[in-house]
Each structure stands twice: as structure tokens, then as C-alpha cells.
Amino acid sequence: HASPSLHASPSPRVVTRDEVERREVERTREVTRSPPPSTSMHRAESAEREESRSVLDSRLRQQEEMIAALRRTADDKDRAVSAERKSKEDLLQRVRELENIASSNLVNTLQQEIQEERVEREKERLVWEERLASLERQTAESTRSGAS
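Residues numbered from 1 in each chain as written. Predicted model: local features only at pLDDT ≥ 70, side-chain atom pairs only at ≥ 80, totals over all residues. Heavy atoms only, no water.

Peer 1: Quick rundown of a nonpolar patch on the surface? Include the residues and the values.
Peer 2: On the surface, L106, L110 and I114 cluster together into a nonpolar patch covering about 280 Å² of accessible area. Take I114: it is sitting in helix α3 (residues 40-147). Overall, I114 belongs to the partly exposed group, its relative accessible area being 44%. (Patch = residues over 30% accessible without salt bridge, like charges linked within 9 Å, V, L, I, M, F, W, Y side chains within 5 Å. Areas by Shrake-Rupley, 256 points an atom, 1.4 Å probe, with all protein chains shown as cover. Salt bridge = Lys/Arg side-chain N within 4 Å of Asp/Glu carboxyl O. Helix = DSSP H or I, 4+ residues; strand = E, 2+ residues; numbered from the N terminus. Buried < 20%, exposed > 50% of the residue type's maximum accessible area, 1.4 Å probe, protein only.)

Right, dumping it as C-alpha cells:
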């Protein structure tokens, strides 16, 4: 899944603002929980507080939605980066395998060429030995026939 560093410490500014707004909402809730005031002035203040609380609740929800969206985006990017890294590692591994195969094929090809060269030289050596033996026989025969 996502790397823990993304969730371990979100940027301090966002957390601070988030906390401040939550505290404001809590304070507003505590104030509006108090028994209903008797005078019309108190009722007007209470209505203002309720409206303020509603605005703060709305802001808080927006902030939380934004944070959640940012986390999802970070998770998506983290997954994409991980997939890309894995893909690169897979490609590098395949390149290494192909290099090993190519290297092995080259060694095999060179060994085969060397062996073929040895066989050719051995054949030539046998041909020359046969010619030499033939010349030696001819020389021996002509020496014998010349001697008689």
C-alpha cells in the first residue's frame, strides 16, 4: 500500500489549521449547549453563534474532504511510483538475463569456432603427414630402384 511516511506526518500547517477550526467548533458547540437565553438579545446572539457554528462545521467538512482527497492523490501517486519502480527493476533484470544469454552464446560460439578450427588443422596435419609419408615411400622406392 502507500508508504507510511505519507500518513505519519502531514504538513504541520494543515494539522494546525484543522485543530484550530475543530477547537472553534467545539467552543461554539459548548456555548450553544447552554440553556436558551430569555431575552431577545440573547436569542439573536444564539442565532449568530448557531450560524457561526454551521459555517465552521462546513469549513471543517471541506478541510477534511480536502485532506482525504490529498491523501488519496498521494496514495495513487505512491502506487504509480511503486509500479514504475517495479517495472524498471523488471526491465533491468530482463536486460541482465539477456546480457548473460548473449555472453553465454558468444562464449559457446567462440568455443565452437575454436573446436572447428582445431578439427580443420588436424585434418590438414593428417593430409600433410600422408603426403610426407607418400613422398618418403616414393623416395625410398626410387632409391631402391635406382640402386638396383
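Peer 1: Could you give an account of the pattern of salt bridges, with specific residues and numbers?
Peer 2: Per the stated rule, a full pass over the model turns up 13 salt bridges. A salt bridge links E50 to R53; its shortest N-O distance comes to 3.8 Å. Residue E50 and its partner R53 are located together in helix α3, separated by three residues, close to a single helical turn. Take E50: its relative accessible area is 38%, and that puts it in the partly exposed class. Judged by its relative accessible area of 22%, R53 is partly exposed. The shortest N-O distance in the salt bridge between R125 and E129 comes to 2.1 Å. Here R125 and its partner E129 are both found in helix α3, four residues apart, which amounts to about one turn of the helix. Owing to a relative accessible area of 37%, R125 belongs among the partly exposed residues under this scheme.

Honestly, that's just the spatial picture; any functional story needs more than this.
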